[in-house]
Amino acid sequence: MSIIFVNFIIISNILLCLLYIFTSNLFVLTLDKLFLRLQMLSYHLYHSIFCILSINSELNFNFTIHFIYFIFLHLIFNVLILWKMICFYTEIAKILTRFSTIFSLFVLTFVNSLLVIYQFLCYTKYNYNKIGGIIIGKTTMKDIADALNISRVTVSKAFNNQMGVSDSLRELIFEKARELGYTKLPYQVAEPPERGEHTISLVVSRPDSALFWTNIIHRMAQELSKYSINLLYTYVPSSRTKEFSLPSVLTNGNVDGIIVVNVYDADILDMVNRLSLPKVFLDSNPSIHNRDLTGDLILIEGFCTEQEITQLLISDGHTKIGFLGDIGYARTNLERYKGFCSCMEKYHIPVQSKYCLTKNIDIYSYDRELSAFLNSLTEWPTAFVCVSDYVAHFVQSYIDNNSQRLPHPVVLTGFDNSGEYTNVSGHIITANVPTSLLGKRLAMQLLFRTEHPDAPYELTFLSPSIIIPNNRINKRN
């Protein structure tokens, strides 16, 4: 509506300019009258230019300077009218005869001023909240929601890192919030501050990591690059040997902080933990207590999520349910197992150890260990809760290759929603971990830690959403 109003003003001013030109004989005007006409013409042209520029939100247009100059032009124009009235029409009779003309011009100028101010405020209300450093009103989450044509609840979920908002929409909400000058942005989406070039060490195990991990790392590097921070890969083994020592890059002062990803060996984690650098850990070994860590810990929430996944199986009629996954490998694995057990206990269903494989398993031995366990089964459950999609895809491969051993269909669930395992992707209940957002969250957490080294260490849980396929098997006995 405001754009239509602006167009009306522009057209009216163009018509006024033409009216001034073609209704006056410029060749016989005295110099003072010509001067007045030119002043009026320039005023209306500037008025039109201002309105045109205000339509295009993509232009780098300093509204404050132009708006102040525009108001100043209005004042000068009115002063010129009064001055010319006094100087050139000193006789009372002439003043009275010219009064109607002067009054009309004054009213026209005054009304035009009100129209422009109204249009200016309408435009800034819907498009800009910060004009040349001057705040016009206070932006709310509703303003952001209205600008994107989404609900206020969606904006609130994005700011509070709740599930139900896609990564792309979350980024769009943050961008719009910055554009509108929203002052309560979470620190992780604030504008990058100016800083010199720094280097962060990414301590990782298994350089041939799955797509799940590479997506996290890629997004992390992308975010840090905005702050002129280099991400240096530092590889450590999956398990510590007697000869192992930390890479020199971690101890010689060449890095400004550390992010630890997919490292689960307790001894190696302890060595990294003793370093005095700012640190952020993604997951940890179950044997390491939170209070022993000298850095922030970010975890993918698993207890409640696995409870809900198990409850879905029980609501479908499953009572013979097993759990597959090394619960001593990672804290998130242990939390998922506890969530599974908690749900089974809630419905008074015993957890049968013969259906569960929870012992220590080398990351490269899962295929062999799972095959051996499944071969040993004399009685099959109707469902397996797998600690990850990685585990589920091995189980599905076994089922596909040994269907004759199964007395009935077996339902699988996973965790992570890693699309690279095509035999289970889109076919099983799983938890969707937003890897892109997780990578950005790790980067921003380390920035916070480097800027606030004395702040209390933080334990953060990221809640995944649950994905349910349409073809899941119901009512197994």
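Residues numbered from 1 in each chain as written. Predicted model: local features only at pLDDT ≥ 70, side-chain atom pairs only at ≥ 80, totals over all residues. Heavy atoms only, no water.

## Regarding the packing of helix H8 (residues 211–225) against helix H14 (residues 435–451)
Where H8 contacts H14, the two axes come as close as 7 Å, and the packing angle between them is 45 degrees. One finds that H8 runs oblique with respect to H14. Seen from above, H8 lies across H14 with right-handed handedness. Contacts between H8 and H14 pair Phe212, Asn215, Ile216, Arg219, Met220, Glu223 and Leu224 from the former with Thr435, Ser436, Leu438, Gly439, Lys440, Leu442, Ala443, Met444 and Leu447 from the latter. Classifying every residue of the contact of H8 with H14 gives nine nonpolar, four polar and three charged. (Axes fitted to C-alpha atoms, helices over the stretch in contact; angles between N-to-C directions. Helix = DSSP H or I, 4+ residues; strand = E, 2+ residues; numbered from the N terminus. Parallel < 35°, antiparallel > 145°, perpendicular 65-115°, else oblique. Left-handed = near helix turned anticlockwise from the far one by under 90°. Contact = heavy atoms within 4.5 Å. Nonpolar A, V, L, I, M, F, W, Y, C, P; charged D, E, K, R; others polar.)

## Brief notes about empty space enclosed by the protein
Summed over all chains, the structure comprises three cavities of 30 Å³ or more. Within the lining of the second largest cavity, the residues separate by chemical class into six nonpolar, one polar and no charged. (1 Å grid on protein atoms, 1.4 Å probe; cavity = no way out; pocket = protein on both sides within 12 Å on 5 of 7 lines; lining within 4 Å. Points joined across faces, edges and corners; volume = space filled by probe spheres on them.)

## A word on the packing of aromatic side chains
As enumerated under the stated definition, the model contains 11 aromatic pairs in all. Their ring planes at 85 degrees and their centres at 5.8 Å tell us that Tyr366 and Tyr390 sit as a pair that is edge-to-face. Of the two residues, Tyr366 sits in helix H12 (residues 366–376) while Tyr390 sits in helix H13 (residues 389–401), which places them 24 residues apart along the sequence. Judged by relative accessible area, Tyr366 falls into the buried class, the value being 4%. Overall, the relative accessible area of 23% leaves Tyr390 in the partly exposed class. (Phe/Tyr/Trp six-rings, centres within 6.5 Å; stacked < 30°, edge-to-face > 60°. Buried < 20%, exposed > 50% of the residue type's maximum accessible area, 1.4 Å probe, protein only.)

## A look at the pattern of salt bridges
Working definition: two side chains of opposite charge can pair if their charged atoms are close together. Using the criterion set out here, one finds nine salt bridges in the structure. For Lys226, the salt bridge goes to Glu223, with nearest N and O atoms at 3.3 Å. Note on Glu223: relative accessible area 3%, which makes it buried. A salt bridge links Lys354 to Glu379; the nearest nitrogen and oxygen atoms lie 3.0 Å apart. On the criterion of sequence distance, the pair formed by Lys354 in the loop between helix H11 (331–346) and H12 and Glu379 in the loop between H12 and strand S9 (383–386) is long-range, its members being 25 residues apart. Three or more residues are tied together by salt bridges with common partners; here these are Arg219, Glu223 and Lys226. (Salt bridge = Lys/Arg side-chain N within 4 Å of Asp/Glu carboxyl O.)

## Some thoughts on the sheet that holds strand S5 (residues 257–261)
Taking strand neighbours across the sheet as the criterion, the six strands line up as S4-S3-S5-S6-S7-S12 in an open arrangement whose pairing is parallel. If you trace the sheet from one side to the other, it starts and ends with strand S4 (229–236) and strand S12 (459–462), each paired once. When the angles between neighbouring strand axes are averaged without regard to direction, this sheet yields 20 degrees. When strand S6 (residues 279–282) meets strand S7 (residues 296–300), the two strands line up parallel, connected through three bridges. (Pairing = 2+ DSSP bridges.)

## Here's the deal with unusual backbone geometry
Phi is mostly negative for residues that are not glycine, and the peptide bonds are mostly trans. Even without a glycine there, the phi angle at Ser228 is positive, about 60 degrees. Along the chain, Ser228 turns up in the loop between H8 and S4. Given a relative accessible area of 36%, Ser228 falls into the partly exposed group. In this model, His348 sits at a positive phi of 55 degrees, which is unusual for a non-glycine residue. With respect to the element layout, His348 can be found in the loop between H11 and H12. The class for His348 is exposed, based on a relative accessible area of 73%.

## Some points on H12
Among all positions in H12, only Tyr366, Leu370, Phe373 and Leu374 are buried. All buried residues of H12 fall inside an arc of 95 degrees around its axis, so they share one side. The inward-facing, buried residues of H12 abut strand S8 (321–324), S9 and H13. (Arc of directions from axis to C-beta.)

## Comments concerning the nonpolar core
In this structure, Leu324, Phe384 and Val395 are the most contacted members of the largest nonpolar core, which totals 39 residues. Of all the secondary-structure elements, those providing two or more residues to this core are helix H10 (303–315), S8, H11, H12, S9, H13 and strand S10 (411–413). Setting aside residues no more than four positions away along its own chain, Phe384 makes contact with Gly322, Phe323, Leu324, Tyr355, Phe373, Leu374, Leu377, Val395, Val410, Val411, Leu412 and Thr413. (Core = buried A, V, L, I, M, F, W, Y, C linked by side-chain atoms within 4.5 Å.)

## Digging into the sheet that holds S10
With parallel pairing, the three strands of this open sheet are ordered in space as S8-S9-S10. Looking at strand neighbours, the two that pair on one side only are S8 and S10, the edges of this open sheet. Within this sheet the neighbouring strands show an average axis-to-axis angle of 20 degrees, counted without direction. Relative to S9, S8 runs parallel, the two sharing four bridges. The residue of S9 that forms the bridge with Phe323 is Val385. Lying on the sheet, H11 is in contact with S8 and S9; it crosses S8 at an angle near 170 degrees. The strands touched by H13 are S8, S9 and S10; relative to S10, the strand with the most contacts, the crossing angle is about 160 degrees.

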